[in-house]
Amino acid sequence: MTGFEVQRLPFEADAVKVWAAGDRRRVNWPVVYVLDGERPARAGELTDIYVGESLNAAGRMRQHLDSPSKQTLTTMRVILDDRFNKSVCLDLESFLIRMLSGDGAFRVLNRNDGITDSDYYDRETYRQTFLDVFEELRHDGIFTRSVPEIENSDLFKLSPFKALTQDQAIAVEDIVEGVIDDLRDGGSTTMVVQGEPGTGKTVIAIYLLKMLADIAAMREGDEPDADSLFSEFFVSENRDLLAGARVGIVVPQQSLRDSIKKVFRRTPGLSATMVLTPFQVGESPEEFDLLIVDEAHRLNQRANQASGVQNRKFRDINVALFGEDDTSKTQLDWIVAKSRHQILMLDAAQSVRPADLPLEQIQAIVDRARSEHRHYPLVSQLRVNAGPGYIGFVRALLGDPVSAERREAPDLSDYEFALFDDLGEMQDAIRERDARFGLARLVAGYAWPWLTKLDKSAFDIEVDGVSLRWNSTQTDWIASKGSLDEVGSIHTVQGYDLNYAGVIIGRDLRYDRVAGRLFIDRDSYFDKKGKENNPVLGRTYSDDDLLRYITNIYAVLLTRGIRGTFVYACDPGLREYLRERMPRASSVPP
């Protein structure tokens, strides 16, 4: 058996005809191919690219040459290997699509209905070949970054070209079927997708929008292969239902919203204008057919907003939608009023401020969705490589000390979960992991004032002789220059992945050894919006209320790390509490 080869030629009818006659594998053998266009003359423009697999490459090329959507493509590269079979080619096709989408140098023309992650015989051996294919294509200008660099990027992590887990695929199939049925019947519905951190709620939201856009844009004779995961939805009847439908995704958090916009700008069928704030929905002069709300638990109830302008907008939107300034109305009420169908991505345990939707309203939404068979749970943990019990253990650790003491510590396998007694040592460990793997960052609870907002020369966090500053940007902080020397807050990292998270737990969260309970130090919690009362609704927030929000914050921070999580606690009592309950790490950080 020989290795692979990449054959490159012009994407033209005459060239394909001559090429087809030279090798039987070009007309009767499983292959993967890449079609791309001329590089744009102007900076910022993207070249179109398409990846496919076929048993008859020459015949498939002739079909593509007749396709209007492929007229911008000028070069074909066909990857041939005597060892290839159908399963291998489907896997390689999916791998290249995911890498191209994450690299961001091209505009990927593929639909996302056929992305696979199926196992097959000797898959690991073939996967090494995939890396060799990648490197040859990179040498030929198809890729601009290495595989680790791509996999660490937001474009990759938020890409609509994901291989779904089984429960994600089931949820997508049920949701798309429900959306199509509802559009056909003309009713109004609210669906709920519920899952813990790392189960892929944002991935599903983006995947859904891309697939619905692809169905709406399909042409006659452009149906996917029969073995495509969602081929049953790509029919003309569904296209006609979705064509012209006004859809969007609502993202309450600024940083995550900007990252998703970046992905949508590079994805055919999607647009950055589809990524909305709750205020943009409320002020929209037009109705939406479907709105998907990511991190729906972060939608606001009526509370003091970040600015006077937003306070006025909240009032004005209420009056415009409901005829009066009804203070009981929330941003979710705006979304329901402005759209026929809603899909809410929810996890009540990730509410981190009193202004977020109240817990009782979230529970009512979930209960109603369950009763209407519109509730889709996600259970597969995709982010943290610490086994299925890690997130539950972390939440028990921060939520109920007695429960955490009785709960068996999870088997971490190779996951690094370590407690540090010195912040400088933890910072050194994060720097070392960043040098090896990338995306290792320090994060913290809001337990220090943000002095650098007014004085860029100041330091915000000073502990153990270590002086640190809060994140210098709210947008794409994790990938920003200098982020390794800064500390990210909850508002810049919620919804994102890291390879390693170094979590600094400030004195806002402490442990009373005599009482055997966690408690908060209100004076050490500096998020004004995180602890202020709500006079409009007549609500005051007790220390127990704030304890829920603050422990939620730390639970979110402790579930960012894919490969490991390091912890430093400022309160000696809390440090001892954690030392007694945290499982032993499989490897000791330097």
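Everything here concerns the structure above.
All figures in this text were calculated on a predicted structure; none of them were measured in a lab.

## Describing the overall build of the protein
Scanning the protein from terminus to terminus reveals 21 helices and 20 strands. A compact globule built from 590 residues would reach a C-alpha radius of gyration of about 25 Å, and the protein, at 26 Å, matches this within 12%. In terms of overall dimensions, the protein has C-alpha extents of about 80 × 60 × 45 Å along its principal axes. When contacts within the protein are restricted to residue pairs at least 6 apart in sequence, long-range pairs at least 24 apart make up 75% of them. A distance of 3 Å separates the average location of the 73 positive side-chain charges in the protein from that of its 93 negative side-chain charges.

## Notes on the packing of aromatic side chains
Counted under the stated rule, the structure contains 19 aromatic pairs. Here Phe-95 and Phe-134 contribute two aromatic rings whose centre-to-centre distance is 6.4 Å and whose plane-to-plane angle is 65°, an arrangement assigned as edge-to-face. Separated by 39 residues along the polypeptide, Phe-95 in helix H3 (residues 86-103) and Phe-134 in helix H4 (residues 123-139) bring together distant segments of the chain. Of the two residues, Phe-95 and Phe-134, neither departs from the other in class, the shared state being buried. Here the aromatic residues Phe-95, Phe-130, Phe-134 and Phe-143 are joined through ring pairs into a cluster of three or more. The aromatic ring of Tyr-549 is capped on one face by Arg-548, whose charged end is 4.7 Å from the ring centroid.

## Concerning the packing of helix H15 (residues 390-399) against helix H20 (residues 543-557)
Running from N to C, H15 and H20 cross one another at 150°; their axes reach a closest spacing of 9 Å. Classified by the interaxial angle, the pair formed by H15 and H20 is roughly antiparallel. In this structure, H15 meets H20 at a crossing whose hand is right-handed. Counted together, Val-394, Arg-395 and Leu-398 of H15 and Thr-551, Tyr-554 and Ala-555 of H20 form the full contact between these two elements. Looking at the contact of H15 with H20 residue by residue, the class counts come to 4 nonpolar, 1 polar and 1 charged.

## Notes on the sheet that holds strand S2 (residues 31-37)
Across the sheet, which stays open at both edges, the 5 strands sit in the order S1-S4-S2-S3-S5 with mixed pairing between neighbours. Edge positions in the open sheet fall to strand S1 (5-10) and strand S5 (106-108), since each of these has one partner strand only. In this sheet, adjacent strand axes meet at a mean angle of 25° when their direction is disregarded. Across 6 bridges, S2 lies against strand S4 (residues 73-80) in antiparallel orientation. Paired with Gly-37 across the two strands is Leu-73, which belongs to S4. On the sheet, helix H1 (residues 13-20) packs against S1 and S4 and is oriented at approximately 140° with respect to S1. Strands in contact with helix H2 (residues 57-65) are S2, strand S3 (47-54) and S4; relative to S2, the strand with the most contacts, it is inclined by about 30°.

## A few points about empty space enclosed by the protein
Empty space among the atoms becomes visible once a probe the size of a water molecule is rolled across them. For the structure on display, the rule yields 2 cavities of 30 Å³ or more. Of the voids in this model, the largest cavity is the one considered here, and its volume is about 80 Å³. Lining the largest cavity we find Leu-100, Ser-101, Gly-104, Phe-106, Val-108, Leu-155, Pro-160, Phe-161, Val-263, Arg-266, Thr-267 and Pro-268. Contributing elements (two or more residues each) for the lining of the largest cavity: H3 and S5. Looking at the lining of the largest cavity residue by residue, the class counts come to 8 nonpolar, 3 polar and 1 charged. For the second largest cavity, the calculated volume is near 30 Å³. Looking at the second largest cavity, the residues that line it are Leu-397, Leu-398, Phe-417, Ile-505, Leu-558, Val-567, Leu-578 and Met-582. Grouping the constituent residues of the lining of the second largest cavity by class yields 8 nonpolar, no polar and no charged.

## A short note on the environment of Gly-530
Residue placement: Gly-530 occurs in helix H19 (residues 528-531). The class of Gly-530 is buried, set by a relative accessible area of 0%.

## Re the pairing of S3
S3 sits mainly inside the fold: 8 of its 8 residues count as buried. In terms of strand pairing, S3 meets S5 through 3 bridges, oriented parallel. Note on S5: the bridge partner recorded for Ile-49 is Val-108.

## What to know about the nonpolar core
Phe-264, Ile-343, Tyr-390 and Ile-504 are the most contacted members of the largest nonpolar core, which totals 113 residues. Element by element, the count of residues in this core is highest for helix H8 (residues 201-217), at 11 residues. With residues near it in sequence (within four places) discarded, Phe-264 still touches Ile-206, Leu-209, Ile-249, Leu-270, Ser-271, Ala-272, Met-274 and Val-275. Within the second largest apolar cluster, 29 residues are counted, among which are Val-32, Ile-97, Ile-142 and Val-147.

## Looking at H15
Counting buried positions over the 10 residues of H15 gives 8, a clear majority of the element. Those residues of H15 that fall on the buried side of the exposure criterion are Tyr-390, Ile-391, Gly-392, Phe-393, Val-394, Ala-396, Leu-397 and Leu-398.

## Structural notes on the side chain of Thr-452
For Thr-452, the position within the fold is in the loop between strand S13 (440-444) and strand S14 (461-463). By relative accessible area, Thr-452 is classed as buried at 7%. Among residues more than four places away in sequence, those in contact with Thr-452 are Ala-458, Asp-460, Arg-469 and Trp-470.

Cut-offs applied
- Residues numbered from 1 in each chain as written.
- Predicted model: local features only at pLDDT ≥ 70, side-chain atom pairs only at ≥ 80, totals over all residues.
- Heavy atoms only, no water.
- Helix = DSSP H or I, 4+ residues; strand = E, 2+ residues; numbered from the N terminus.
- Rg over C-alpha atoms; globule rule 2.2 N^0.38 Å.
- Contact = heavy atoms within 4.5 Å.
- Lys, Arg positive; Asp, Glu negative; His and termini not counted.
- Charge placed at Lys NZ, Arg CZ, Asp CG, Glu CD.
- Phe/Tyr/Trp six-rings, centres within 6.5 Å; stacked < 30°, edge-to-face > 60°.
- Buried < 20%, exposed > 50% of the residue type's maximum accessible area, 1.4 Å probe, protein only.
- Lys NZ or Arg CZ within 6 Å of the ring centre and 35° of its normal.
- Axes fitted to C-alpha atoms, helices over the stretch in contact; angles between N-to-C directions.
- Parallel < 35°, antiparallel > 145°, perpendicular 65-115°, else oblique.
- Left-handed = near helix turned anticlockwise from the far one by under 90°.
- Nonpolar A, V, L, I, M, F, W, Y, C, P; charged D, E, K, R; others polar.
- Pairing = 2+ DSSP bridges.
- 1 Å grid on protein atoms, 1.4 Å probe; cavity = no way out; pocket = protein on both sides within 12 Å on 5 of 7 lines; lining within 4 Å.
- Points joined across faces, edges and corners; volume = space filled by probe spheres on them.
- Core = buried A, V, L, I, M, F, W, Y, C linked by side-chain atoms within 4.5 Å.

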